[in-house]
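Per-entry structural report
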Amino acid sequence: DAGVTQSPTHLIKTRGQQVTLRCSPKSGHDTVSWYQQALGQGPQFIFQYYEEEERQRGNFPDRFSGHQFPNYSSELNVNALLLGDSALYLCASSFSGTGFTEQYFGPGTRLTVT
Amino acid sequence: AQSVTQPDIHITVSEGASLELRCNYSYGATPYLFWYVQSPGQGLQLLLKYFSGDTLVQGIKGFEAEFKRSQSSFNLRKPSVHWSDAAEYFCAVALNYGGSQGNLIFGKGTKLSVKP
């Protein structure tokens, strides 16, 4: 049973560029959440997708956008990259049938902005 | 605003010694409570969770946590630490939207080092 997978593992971008990160949820899960983890900090919630719509959103600017596909996989897009966007981006999946109560995390994508 | 505080940034314990990692939360009602562990360069692994009922919950890898409503705390414990437990530990809360979980709010983490 595959867990949550994310791609790519690492990414280096330049300020002002755009980036797309991908996530496939754990088998049987239908909800995907994205988190940003800066160095030395706990993860911060970006947004959550369910039924191909944004269900909740954290305190992140509109430069951060997402999408969920019919197979429940998801993308995180960040436009106009800033140095401060350098972080580990974590995807977590959960199942709506249990009230989204357990989130399982992928290994993350390390984004470096230069 | 809701928040999670982990007062200890870094803890070092000897292998075989007991461990307690502290977590306090700020929220008007009882949230869902979680402990996650993160090894270097890895994602987060769920150790245990509390939703309701018995305030002492058991998790994986021999960990347990106790919910104390009066202290707004959810401390993680292990009676005997193994070298493989060295990692970063995060406490998290999820707001309870009428039985449906909201997003997770994490503390800043406690780094655990284990000395031989």
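The paragraphs below set out a description of the structure included in this document. (Residues numbered from 1 in each chain as written. Chains lettered and ligands numbered in written order. Predicted model: local features only at pLDDT ≥ 70, side-chain atom pairs only at ≥ 80, totals over all residues. Heavy atoms only, no water.)

Brief notes about the packing of aromatic side chains
The description of an aromatic ring pair rests on the distance of the ring centres and on the angle between the ring planes. Going through the model one piece at a time under the given rule, you end up with 16 aromatic pairs over all chains. Summarising the aromatic geometry, the rings of A:Phe60 and A:Phe64 are spaced 5.1 Å apart at their centres and angled 70° between planes, so their arrangement reads as edge-to-face. Geometrically, the ring pair formed by A:Phe105 and B:Phe106 is edge-to-face, given 6.1 Å between the ring centres and 75° between the ring planes. Placement of A:Phe105 in strand β10 (residues 104–105) and of B:Phe106 in strand β11 (residues 100–106) is noted, with the two residues assigned to different chains. Grouping residues by exposure puts A:Phe105 and B:Phe106 together as buried. (Phe/Tyr/Trp six-rings, centres within 6.5 Å; stacked < 30°, edge-to-face > 60°. Helix = DSSP H or I, 4+ residues; strand = E, 2+ residues; numbered from the N terminus. Buried < 20%, exposed > 50% of the residue type's maximum accessible area, 1.4 Å probe, protein only.)

Digging into the nonpolar core
The biggest cluster of nonpolar side chains holds 28 residues, and the ones touching the most others in it are B:Leu19, B:Trp35, B:Leu47, B:Leu48, B:Phe74, B:Leu76 and B:Tyr89. Where this core is concerned, the elements lending two or more residues are β2 (10–14), β3 (19–21), β5 (32–38), β6 (44–50), β8 (64–68), β9 (73–78), β10 (87–97) and β12 (110–115) of chain B. Among the elements that make up this core, the one with the highest residue count is β10(B) (five residues). Those residues in contact with B:Phe74 that lie beyond four places of it in its chain are B:Cys23, B:Leu33, B:Phe34, B:Trp35, B:Leu48, B:Tyr50, B:Val57, B:Ala65, B:Glu66 and B:Phe67. Core analysis: the second largest hydrophobic core is formed by 20 residues, A:Leu11, A:Trp34, A:Phe60 and A:Val78 among them. (Core = buried A, V, L, I, M, F, W, Y, C linked by side-chain atoms within 4.5 Å. Contact = heavy atoms within 4.5 Å.)

A closer look at the side chain of A:Asp85
Residues and elements named next belong to chain A. Tracing the backbone shows Asp 85 in the loop between β8 (74–78) and β9 (87–94). Note on Asp 85: relative accessible area 4%, which makes it buried. Separated by 2.8 Å, the side chain of Asp 85 and the backbone nitrogen of Leu 82 make a polar contact. Once you skip the residues sitting within four places of it in the chain, Asp 85 turns out to touch Gln 36, Arg 63, Phe 64, Val 78, Ala 80, Leu 111 and Val 113. (Polar contact = N/O pair within 3.5 Å; in protein donor to acceptor, adjacent residues only side chain to side chain.)

Description of the sheet that holds β8(A)
Residue and element names in this part refer to chain A. The strand order across the open sheet built from four strands is β1-β3-β8-β7, with neighbouring strands paired in antiparallel fashion. Both outer strands of the open sheet, β1 (5–7) and β7 (64–68), are each paired with one neighbouring strand and no more. When strand polarity is set aside, the average angle formed by the axes of neighbouring strands in this sheet is 20°. The sheet contact formed by β7 and β8 spans five bridges and is antiparallel. Bridge pairing links Gly 66 to Leu 76 in β8. (Pairing = 2+ DSSP bridges. Axes fitted to C-alpha atoms, helices over the stretch in contact; angles between N-to-C directions.)

Topic: the environment of A:Ser7
Residues and elements named next belong to chain A. Considering the arrangement of structural elements, one finds Ser 7 in strand β1. For Ser 7, a relative accessible area of 34% translates into the label partly exposed. Expressed as a C-alpha distance, the spacing of Ser 7 and Gly 106, which sit 99 residues apart in the sequence, is 9.8 Å. Setting aside anything within four residues of it in sequence, one finds Ser 7 in contact with Leu 21, Arg 22 and Thr 109.

Here's the deal with the state of the cysteines
Scanning the model with the defined rule gives two disulfides over all chains in all. The residue that forms a disulfide with A:Cys23 is A:Cys91, at a sulfur-sulfur distance of 1.7 Å. Handedness here is read from the sign of the S-S torsion; for A:Cys23 and A:Cys91, about -55°, the answer is left-handed. Taken together, the positions of A:Cys23 in strand β3 (residues 19–24) and A:Cys91 in strand β9 put the pair 68 residues apart, joining distant regions of the chain. Assigned by exposure class, A:Cys23 and A:Cys91 land together as buried. One disulfide bridge connects B:Cys23 with B:Cys91, the sulfur atoms lying 1.9 Å from each other. Measuring the twist about the S-S bond at about -65°, one finds the B:Cys23-B:Cys91 disulfide to be left-handed. (Disulfide = S-S within 2.5 Å.)

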